[in-house]
Amino acid sequence: MTLSGFQGLVFDLDGTLVDSMPLHLAAWEHTAREFGFQFDADWFYELGGMPSRKIALLVAEVQQIALDPLVVTRCKTEHYVANLHKATPFPAMLDLVRRYHGLIPMGIGTGSPRINAEAVLRNTGLDSYFPVVVTADDVALHKPHPDTFLLVAQRLGVAPDGCLVFEDTGIGAQAGEAAGMQVCMVKEGKPVGLTY
């Protein structure tokens, strides 16, 4: 796959552009200890892109325990935000962004709340590359629904079928495909099968 022919590039943030998923997982592990639910790192990783409140509801449903999603989310978020400064861009993805900045319109579609997404972008210097950032605060239906990515395309002024989405989770890939976009998976910070 090459990038020529795409009119827009759409990036997930956590685990795709920046190595922040270990911070999210550590926050969920801490929260699991606090509230007595089971923590499975692989299961939580695959939910990347889904807002924490929805993950808390899913934990309660799957593990059949009573949890207050707002209290659980507050605990997880406080732990994550305290360690936000540790998030760094993946070198291969940063190289790709720098190479195509100004050549192909680029935007971010993330399941993080705006305050956290903007802090990560500011801390890593990625904020200067992305005029369009769509967060969990901007849509009612989150990944795996296509709304996040469709709104990025709309704000970029690009047709969805002209966009390539970079994602690291199955939920994110489903959202990209549901939006009618091609998807490039990012594994360990590198785009799979992409020539650039």
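Keep in mind that what you see is a predicted model, and the values were worked out from it rather than measured.

Enquirer: Lay out the overall build of the protein chain in plain terms, naming residues and giving numbers.
Expert: Per the secondary structure count, the protein chain includes eight helices and six strands. Of the regular secondary structure in the protein chain, the N- to C-terminal order runs β-α-α-α-α-α-β-α-β-α-β-α-β-β. Here the protein chain has a C-alpha radius of gyration of 16 Å; the compact-globule value for 196 residues is 16 Å, and the two agree. Along the first, second and third principal axes, the C-alpha set of the protein chain runs to 50 × 30 × 30 Å. In the protein chain, which comprises 196 residues, the proportion classed as buried is 53%. Within the protein chain, contacts between residues separated by at least 24 positions form 69% of all contacts whose residues are at least 6 apart in sequence. Carbon and sulfur atoms make up 53% of the accessible area of the protein chain, which amounts to about 8900 Å² in all.

Enquirer: Any chance you could break down the sheet that holds strand β2 (residues 106–109) for me, citing the residues and the numbers?
Expert: If you walk across this open sheet you meet the six strands as β3-β2-β1-β4-β5-β6, and the pairing is mixed. Each edge of the sheet is formed by a strand with only one pairing partner; in this case those strands are β3 (132–134) and β6 (190–191). Bridge analysis of strand β1 (residues 8–11) against β2 gives three bridges, and the strand direction is parallel. Across the sheet, residue F11 finds its bridge partner in β2, namely I108. Strands in contact with helix α8 (residues 170–178) are β4 (163–167) and β5 (182–187); relative to β5, the strand with the most contacts, it is inclined by about 165°.

Enquirer: Before we move on, could you go through the pairing of β4 and cite the residues and values that matter?
Expert: Among the five residues in β4, five count as buried, and that is most of the element. In the sheet, β1 pairs with β4 via four bridges, with the strands oriented parallel. Bridge assignment links L9 to a residue of β4, and that residue is L164. By the bridge criterion, four bridges tie β4 to β5 in an arrangement that is parallel. Bridging across to β5, E167 finds its partner in M185. Each parallel crossover has a hand, and the one from β4 via α8 to β5 is right-handed.

Enquirer: Pulling in residues and values, what's your account of the environment of L94?
Expert: Checked against the element boundaries, L94 lands in helix α5 (residues 91–100). On the accessibility criterion, L94 (15% relative accessible area) is buried. Through-space distance from the C-alpha of L94 to that of R122 is 14 Å; in sequence the pair is 28 residues apart. Dropping the residues within four chain positions of it, L94 is found in contact with P89, L126 and Y129.

Enquirer: I'd like to hear about the side chain of T73, residue by residue, with values.
Expert: Mapped onto the elements of the fold, T73 is located in helix α4 (residues 69–82). Look at T73 and you get buried, because its relative accessible area is 15%. Not counting residues within four places of it along the chain, the set of residues in contact with T73 comprises S52, R53 and A56.

Enquirer: Please provide a residue-by-residue account of α8, values included.
Expert: Taken residue by residue, α8 has I171, G172, A173, A175 and G176 as its buried positions. Tucked into the core, α8 has its buried residues touching α2 (41–46), α7 (147–156), β4 and β5. Just downstream of α8 lies G180, where phi reads positive at about 80°.

The rules behind these values
- Residues numbered from 1 in each chain as written.
- Predicted model: local features only at pLDDT ≥ 70, side-chain atom pairs only at ≥ 80, totals over all residues.
- Heavy atoms only, no water.
- Helix = DSSP H or I, 4+ residues; strand = E, 2+ residues; numbered from the N terminus.
- Rg over C-alpha atoms; globule rule 2.2 N^0.38 Å.
- Buried < 20%, exposed > 50% of the residue type's maximum accessible area, 1.4 Å probe, protein only.
- Contact = heavy atoms within 4.5 Å.
- Areas by Shrake-Rupley, 256 points an atom, 1.4 Å probe, with all protein chains shown as cover.
- Pairing = 2+ DSSP bridges.
- Axes fitted to C-alpha atoms, helices over the stretch in contact; angles between N-to-C directions.
- Right-handed = clockwise from strand over helix to strand, strands pointing away.

Any link to function would need more than the numbers given here.
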